[in-house]
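Chain by chain, the residues run as shown.
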Amino acid sequence: MDLHRLSRPVAAPDKASRPARSPGRSPLGRRDAALVAGVVLALGLLIALAVLHLFGARTFVVRTASMGTAAPVGTLVVTSPVTVDELRVGDVVTFTPPGRAGTTFTHRVAALDPDGVVTRGDASEADDPWRLVDADLVGRADVLLPGVGWLARALPWLVVGGVALWAVTLLVPSRTHRSALRVVGAAGVVAAVAAALRPFTAATVLATTASDGGRGGVATVVSTGLLPSRLATEHGSSVVLASGEVGALDLPALTTDTPAGGGVLISIAPHLDPAGWVVFALVCLLPLVWCLTVGLAPQTAGRRSAAS
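Residues numbered from 1 in each chain as written. Predicted model: local features only at pLDDT ≥ 70, side-chain atom pairs only at ≥ 80, totals over all residues. Heavy atoms only, no water.

**Considering the sheet that holds strand β6 (residues 137-145)**
Each strand in a sheet pairs with another by means of backbone hydrogen bonds, the pair being arranged parallel or else antiparallel.
Right, on to step 1. Strand order in the open sheet formed by 6 strands is β1-β2-β6-β3-β4-β5, and the pairing between neighbours is antiparallel. Of all strands in the sheet, those with a lone pairing partner are β1 (58-61) and β5 (116-120), marking the two edges. Averaged over all adjacent pairs, the angle separating strand axes in this sheet is 50°, with direction ignored.
Right, on to step 2. Where strand β2 (residues 76-80) lies against β6, 5 bridges are found, and the strand directions are antiparallel. Opposite V78, over in β6, you have V143 as the bridge partner. (Pairing = 2+ DSSP bridges. Helix = DSSP H or I, 4+ residues; strand = E, 2+ residues; numbered from the N terminus. Axes fitted to C-alpha atoms, helices over the stretch in contact; angles between N-to-C directions.)

Next comes the structure, spelled out in structure tokens:
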């Protein structure tokens, strides 16, 4: 029997006649890949922090402007254990001052004398009033990460807001509407946390000095926000400061119209160059960029056909 004569060529199936791929077995989309990448990044950071703590490292967030531009407010400080004998003048150390349990400072070593370690903040003109010994030292600052501390402070609130948003939007039946609500809601959570922490523009008045004539004076101010800021007084002077930078403002003289107990109003606003404003606008447009690049979750085929 001739097998070649009985066999027939098998035509390749038409692409249009192939069964549609099940949505449940579809390859990982861009939206899912972005979410997976975010989860992996968060887990990686947590694992890295756990490993650092196992080796004695500690992390702190700078909350005052005493270190100036070296460690402005919002700096994440990573320390390692250290003793007094290992310190050198100029090192940045984290410590608990004698008699002030529960309070942690990060200052620079100004001197080493027989009574202990003398420290001083970079923005201060005087040494600290204490002398540190080994029991007071938490560690030497090995890494200073400006701005990262703001993220560390915001992270718990972002996680709580994100989980709450995810749970609430599960009640929305449409996948597309649910995805859209999550994008808008995520932007709202970030905006609410930013409004509460105010990380972008802020300032602190360090001291005020009256003029010799008793009219007006000078205010020493420091920027404690992430962005370069312009500080100004009404009918007075203005100054532009980077994060952690110290400057002076001329204060106008108070008039008889000033209410009792009143003072001088100091305004503050971001001061960015054109490129900085472009970057700031792009950050604000991240929800739109997400929708255009990653996209929203599509509705299932069954729901679309039922709707039609």
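Picking up after the structure, the text goes on.
**Details of the nonpolar core**
Right, on to step 1. Ranked by size, the top nonpolar core spans 9 residues in total: V82, L87, V93, F95, V109, V117, W130, L132 and L137.
Right, on to step 2. Excluding anything up to four places from it in sequence, L137 contacts V82, T83, V84, L87, T94, F95 and L132.
Right, on to step 3. By size, the runner-up hydrophobic cluster in this structure holds 7 residues, among which are V221, V239, L249 and L251. (Core = buried A, V, L, I, M, F, W, Y, C linked by side-chain atoms within 4.5 Å. Buried < 20%, exposed > 50% of the residue type's maximum accessible area, 1.4 Å probe, protein only. Contact = heavy atoms within 4.5 Å.)

**Some remarks on the packing of helix α3 (residues 148-169) against helix α4 (residues 175-197)**
Right, on to step 1. One way to put it is that α3 packs onto α4 with a least axis distance of 9 Å and a crossing angle of 150°. In this view, α3 runs roughly antiparallel relative to α4, as classed from their interaxial angle. For the pair α3 and α4, the crossing hand works out as right-handed. Two secondary-structure elements touch here, α3 through W150, R153, A154, W157, L158, G161, L165, W166 and T169 and α4 through R178, L181, R182, G185, A186, V189, V190, V193 and L197.
Right, on to step 2. Partitioned by chemical class, the residues of the contact of α3 with α4 number 12 nonpolar, 3 polar and 3 charged. (Parallel < 35°, antiparallel > 145°, perpendicular 65-115°, else oblique. Left-handed = near helix turned anticlockwise from the far one by under 90°. Nonpolar A, V, L, I, M, F, W, Y, C, P; charged D, E, K, R; others polar.)

**A word on the pairing of strand β3 (residues 92-95)**
Right, on to step 1. Of the two faces of β3, the one carrying V92 and T94 and the one carrying V93 and F95 are both buried.
Right, on to step 2. Bridge count between β3 and strand β4 (residues 105-113): 4 bridges; the pairing is antiparallel. Following the sheet pairing, V92 is matched in β4 by R108.
Right, on to step 3. As judged from the 3 bridges shared by β3 and β6, these two strands associate in the antiparallel manner. In the strand pairing of β6, F95 is matched with L137.

**Things to note about the pairing of β2**
Both faces of the sheet carry side chains from a regular strand, because those side chains alternate between them.
Right, on to step 1. Of all the 5 residues making up β2, 4 are buried; the element is thus mostly covered by neighbouring parts of the structure.
Right, on to step 2. Summarising the sheet, β1 and β2 pair through 4 bridges and their orientation is antiparallel. When the sheet's bridge partners are listed, R58 is paired in β2 with T79.

**With respect to the packing of aromatic side chains**
Right, on to step 1. Evaluated as defined, the whole model comprises 5 aromatic pairs.
Right, on to step 2. With 6.0 Å between their ring centres and 15° between their planes, F95 and F105 make a pair best called stacked. Linking F95 in strand β3 with F105 in strand β4, this pair joins segments that are 10 residues apart in sequence.
Right, on to step 3. With a relative accessible area of 0%, F95 lands in the buried category.
Right, on to step 4. Where F200 meets F280, the ring centres are 6.5 Å apart and the plane angle is 90°; that geometry is what we call edge-to-face. Of the two residues, F200 is situated in the loop between α4 and β7 (203-210) and F280 in helix α5 (residues 274-284); the sequence distance between them amounts to 80 residues. (Phe/Tyr/Trp six-rings, centres within 6.5 Å; stacked < 30°, edge-to-face > 60°.)

**Points about the pattern of salt bridges**
Right, on to step 1. Enumeration according to the criterion identifies 4 salt bridges in this entry.
Right, on to step 2. Its salt-bridge partner being R140, residue D91 comes within 3.3 Å of it at the nearest N-O pair. Of this pair, D91 sits in the loop between β2 and β3 while R140 sits in strand β6, placing them 49 residues apart in sequence.
Right, on to step 3. Note on D91: relative accessible area 18%, which makes it buried.
Right, on to step 4. On the basis of relative accessibility, which here comes to 23%, the residue R140 falls in the partly exposed class.
Right, on to step 5. Ionic pairing is found between D127 and R120, a salt bridge with its closest N-O pair at 2.8 Å. (Salt bridge = Lys/Arg side-chain N within 4 Å of Asp/Glu carboxyl O.)

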